[in-house]
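Structure assessment
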Amino acid sequence: MPANHFNTHCPDWAEALLNGFSQIFLQRHPLCGLLCLLAILLTAPVLFAGALLGAVAGLLTAQRRNYAKADRQAGLFSYNGVLLGLLLSLYFPWSPLLPPLILAAGGVSAMLTQQWLKHVYRSRSIPAYTSPFVAIGWILLLFAEPSAPTAHIEMNTLNLLAAGLRGLGQVMFLEHPLAGALIGIGLLIADRRAFCWALFASAIGLASSLLHHETGAALLGLGSYNAVLAALAFSAQRQQPWLPLLGIVLALLVTPLFAALGLAMLTAPFILAGWLIRAGIQMLGKAAVDATPCAQGDNQPRLR
């Protein structure tokens, strides 16, 4: 839920931008978004401008195209732009061409999000999650230089504890434990249930990577962040508390699929896991409705 006291002192445009940062973690909370923004600024300042440009591009595109204000204020047109800005700043050197590219990518992501939202509102179908970011990101990475090898991290108790925080930070390409700590505080302020599920998912992802002898990826949090997002996507389901756990398991199970296809992981395992669960819920709901016996007295003719 939004922080009402914070919102009274926050202009509409600032609230929309900050909500865009918090929506990366499936929250609508400006203070959570502010802590996510600080996490980037304090631990990876070289990525800060790109993230801000991406957020602004998504919001301005939504304003210029007169998309629903409620969706703009919720940050729904900004979070994919933030992720694209981070991705481009990370994989491409800064040049005069990079800011326009980030602005264009953020704008296109907002337009894709709007088309998906229109479909969702019409048919109550599956959420977009971060699919605009992943689709555009896969195209952009075709032109990126190969990434440098990751630094070796020694296996010890301190690094194991830090890996749990890195699992939160890696959602935004941040590997410093401080970034994960700031994001964790933001989640705790926004929703304590979401915070607990995020930490649990990060720990499960870490354990899974270690069991598969992927020690380097595990200690950097790379084996955890999709599980974190999958848990957050269903953490509000109080009537079905097992759904976040199912999301975690599915996200970890489908992760090798993308490596086998030669695709960058990004947040694709989380998206696929979320879509599979949502589709399963819809199918089970439809089957339950179809199996319900018809009451003769209430069987009224339908308009076509």
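Definitions and limits used
- Residues numbered from 1 in each chain as written.
- Predicted model: local features only at pLDDT ≥ 70, side-chain atom pairs only at ≥ 80, totals over all residues.
- Heavy atoms only, no water.
- UniProt positions renumbered as here; feature names shortened; annotations may be inferred.
- 1 Å grid on protein atoms, 1.4 Å probe; cavity = no way out; pocket = protein on both sides within 12 Å on 5 of 7 lines; lining within 4 Å.
- Points joined across faces, edges and corners; volume = space filled by probe spheres on them.
- Domains from an automatic or database assignment.
- Salt bridge = Lys/Arg side-chain N within 4 Å of Asp/Glu carboxyl O.
- Helix = DSSP H or I, 4+ residues; strand = E, 2+ residues; numbered from the N terminus.
- Buried < 20%, exposed > 50% of the residue type's maximum accessible area, 1.4 Å probe, protein only.
- Core = buried A, V, L, I, M, F, W, Y, C linked by side-chain atoms within 4.5 Å.
- Contact = heavy atoms within 4.5 Å.

If you look the chain up in an unreviewed UniProt entry, it shows as Urea transporter from Pseudomonas jessenii. In its Sequence similarities (unreviewed entry) section, the UniProt record describing the chain reads: "Belongs to the urea transporter family." What UniProt states about the chain under its Subcellular location (unreviewed entry) heading is, verbatim, "Cell membrane".

In this structure, the largest pocket spans a volume of roughly 1400 Å³. Residue lining of the largest pocket: 47 residues in total, with Tyr91, Leu222, Tyr225, Met265 and Leu266 positioned closest to the centre. Of the residues that make up the lining of the largest pocket, three or more belong to each of domain 1 (12–142) and domain 2 (157–288). Empty space within the second largest pocket amounts to approximately 840 Å³. If you trace the second largest pocket, you find 32 residues lining it, with Gln23, Leu26, Tyr129, Ala233 and Arg278 closest to the centre.

A word on the pattern of salt bridges. Using the criterion set out here, one finds two salt bridges in the structure. Note that Asp12 and Lys69 form a salt bridge whose closest N and O atoms lie 3.4 Å from each other. Of this pair, Asp12 sits in helix α2 (residues 12–23) while Lys69 sits in helix α5 (residues 69–73); the two residues are 57 residues apart in sequence, bridging distant segments of the chain. Residue class for Asp12 comes out partly exposed when judged on its relative accessible area of 41%. Here Lys69 falls in the partly exposed class, since its relative accessible area comes to 47%. The shortest N-O distance in the salt bridge between Glu15 and Arg28 comes to 3.8 Å. Highlighted residues: Glu15 in helix α2 and Arg28 in the loop between α2 and α3 (30–43), separated in sequence by 13 residues.

Attention now goes to the nonpolar core. One recurring pattern in soluble globular proteins is that nonpolar side chains are buried together. If you look at the biggest cluster of nonpolar residues, it comprises 72 residues, and the most contacted ones within it are Phe25, Ile40, Leu86 and Met172. Among the elements that make up this core, the one with the highest residue count is helix α13 (residues 225–234) (nine residues). Residue contributions to this core reach at least three from each of two domains, namely domain 1 (12–142) and domain 2 (157–288). When sequence neighbours within four positions are dropped, the list of residues in contact with Ile40 reads Phe21, Pro45, Leu47, Phe48, Ala51, Leu86, Met172 and Leu174.

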